[in-house]
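Below, each chain spelled out in residue letters.
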Amino acid sequence: MTSTGSRLAQTAIIGGGAVFAAVAGFVVFVTVPDGNVARLFGVVLALSTAILGLRLGREYADALVARYNVARVSVEGPIANRPGGLPTKPVAVTARDVVEQIETADADSHVRARLVSLDTPGGEIVPSDDIRRAVEDFDGPTVAYATGTCASGGYWIASGSDHVVAREGSLVGSIGVIASRVTGEGLLDSLGLTYERLVAGEYKDAGIPLRDMNDAEREYLQGIVDDYYETFVDRVTAGRDLDEEAVRETKAQVFLGQEALERGLVDELGADDAVEAWVSDEIGDAVEIRDFEPKLGLSERLRMGAERVTFALGAGLASTLADDDTASSFEFR
């Protein structure tokens, strides 16, 4: 069925459901009762029934005649398996939420292609890999679209797609791994406190911030970071069909769209129309996109709202106290 035919069929189903519900509601609630009050109340119930019928008709139409053939799943903000993060970019939708939506889209018989929209500085390694694996498992064309920052774990995900599109102003890359720590041994000394070590296993407390690391511990933890980096290079090399040395030469830098294209990190520069044109060629049909996104509960919405209000209050106080010449900071996670 053509896209226009699908829309007409859906409209007919939805309209029919609304008309049927309205007529049924009028007969049950208006015609049968006697008295003005009952009739007025019946009109209200009839309208309510019509609205319910419209909603049910729409749901039935969506199931019977889909208005979409492409599923869009978005990865925005830091990637993690648990909510949290900074108030400016809180982790409200976790990696588990994203994977769940990808799997829901995979199970939908109407979905013929998948679009992964990325605007993320990266995040935790395992959650990023969970999303990438879900992306790779889809039996159909998959396009990654870098709408803003597609770095680190975000690019880990993108490199598992069949096609990568980026905006000219997008920041793409950061093929590297970081594991930072703050040492508080000097602070403890100034407070007259001492860390007393009780462990079983030589490296059990390696990296603990209460004391400085020795050379063996530093080498041990650096080895873990290096292993993760080798895995990252392997993922990009295989997913993007690039030379391994070319991937290493990026030195964990991020690149604007044009240089990312020249280095082979993306396939094309463009916006929504470029993404839709590629998908349309792949499926041989006009593109109709549906967003698959988790529904946030009341507690998550309240938490996010509180975090943003707190941040806004703090930012306002800071701007009042700071000098006009204060320099802006720029960082990547």
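Residues numbered from 1 in each chain as written. Predicted model: local features only at pLDDT ≥ 70, side-chain atom pairs only at ≥ 80, totals over all residues. Heavy atoms only, no water.

Description of helix α3 (residues 95-107)
Taking 1.5 Å of rise per residue, the 13 residues of α3 would be expected to cover 18 Å, and the 18 Å separating its terminal C-alpha atoms lies within 8% of that figure. The set of residues buried in α3 consists of Ala95, Val98, Val99, Gln101, Ile102 and Ala105. Down the axis, α3 shows its buried residues gathered within 160° of arc, on one side only. Relative to its buried face, α3 has exposed residues pointing more than 90 degrees away, namely Arg96 and Ala107. On its buried face, α3 sits against β1 (70-76), β4 (113-120) and α4 (125-136). (Helix = DSSP H or I, 4+ residues; strand = E, 2+ residues; numbered from the N terminus. Expected span 1.5 Å × (residues − 1). Buried < 20%, exposed > 50% of the residue type's maximum accessible area, 1.4 Å probe, protein only. Arc of directions from axis to C-beta. Contact = heavy atoms within 4.5 Å.)

Thoughts on helix α10 (residues 272-283)
Compared with the 16 Å implied by 1.5 Å per residue over 12 residues, the 17 Å span of α10 between its first and last C-alpha is a close match. For α10, every residue scored as buried is listed here: Ala274, Val275, Trp278, Val279 and Ile283. Considered in projection along α10, the buried side chains sweep an arc of 155° and stay on one side of the axis. In this structure, α10 carries Asp273 and Asp281 as exposed residues pointing more than 90 degrees from its buried face. Contact partners of the buried residues in α10: β1, β4, β5 (142-151), β6 (163-166) and β9 (268-269).

Comments concerning the pairing of β1
Direction of pairing for β1 relative to β4: parallel, over a ladder of 7 bridges. Bridge assignment links Val70 to a residue of β4, and that residue is Ala113. (Pairing = 2+ DSSP bridges.)

Looking at the side chain of Asn69
One can find Asn69 in the loop between α2 (36-64) and β1. We classify Asn69 as buried; its relative accessible area is 8%. Within the structure, the side chain of Asn69 is placed 2.8 Å from the backbone oxygen of Ala286, a separation counted as a polar contact. (Polar contact = N/O pair within 3.5 Å; in protein donor to acceptor, adjacent residues only side chain to side chain.)

Some remarks on empty space enclosed by the protein
This model, assessed by the stated rule, comprises 1 cavity of 30 Å³ or more. Approximately 40 Å³ is the volume found for the largest cavity. The wall of the largest cavity is formed by Arg72, Leu115, Tyr145, Asp272, Val275, Glu276 and Ile289. Here the lining of the largest cavity gets 3 residues from one element, more than from any other, and that element is α10. Residue composition of the lining of the largest cavity, grouped by class: 4 nonpolar, no polar and 3 charged. (1 Å grid on protein atoms, 1.4 Å probe; cavity = no way out; pocket = protein on both sides within 12 Å on 5 of 7 lines; lining within 4 Å. Points joined across faces, edges and corners; volume = space filled by probe spheres on them. Nonpolar A, V, L, I, M, F, W, Y, C, P; charged D, E, K, R; others polar.)

Notes on the pairing of β4
The buried count for β4 comes to 7 of 8 residues, which makes it a mostly enclosed element. Bridge count for β4 against β5 is 6 bridges, and the pairing is parallel. Residue pairing for β5: Arg114 is matched across the bridge by Thr142. Remark: the β4/α4/β5 crossover connection has right-handed handedness. (Right-handed = clockwise from strand over helix to strand, strands pointing away.)

Comments concerning the packing of α3 against α4
In a packed pair of helices, the relevant descriptors are the angle between the two axes and the axis-to-axis distance. Packing of α3 against α4 brings their axes to within 9 Å, and their N-to-C directions diverge by 5°. One element, α3, and the other, α4, form an angle in the roughly parallel class. Contacts from Ala95, Val98, Val99, Ile102 and Asp106 in α3 reach Pro127, Asp130, Ile131, Ala134 and Val135 in α4. Here the contact of α3 with α4 is built from residues that sort into 8 nonpolar, no polar and 2 charged. (Axes fitted to C-alpha atoms, helices over the stretch in contact; angles between N-to-C directions. Parallel < 35°, antiparallel > 145°, perpendicular 65-115°, else oblique.)

Just distances and angles here, no functional claims.
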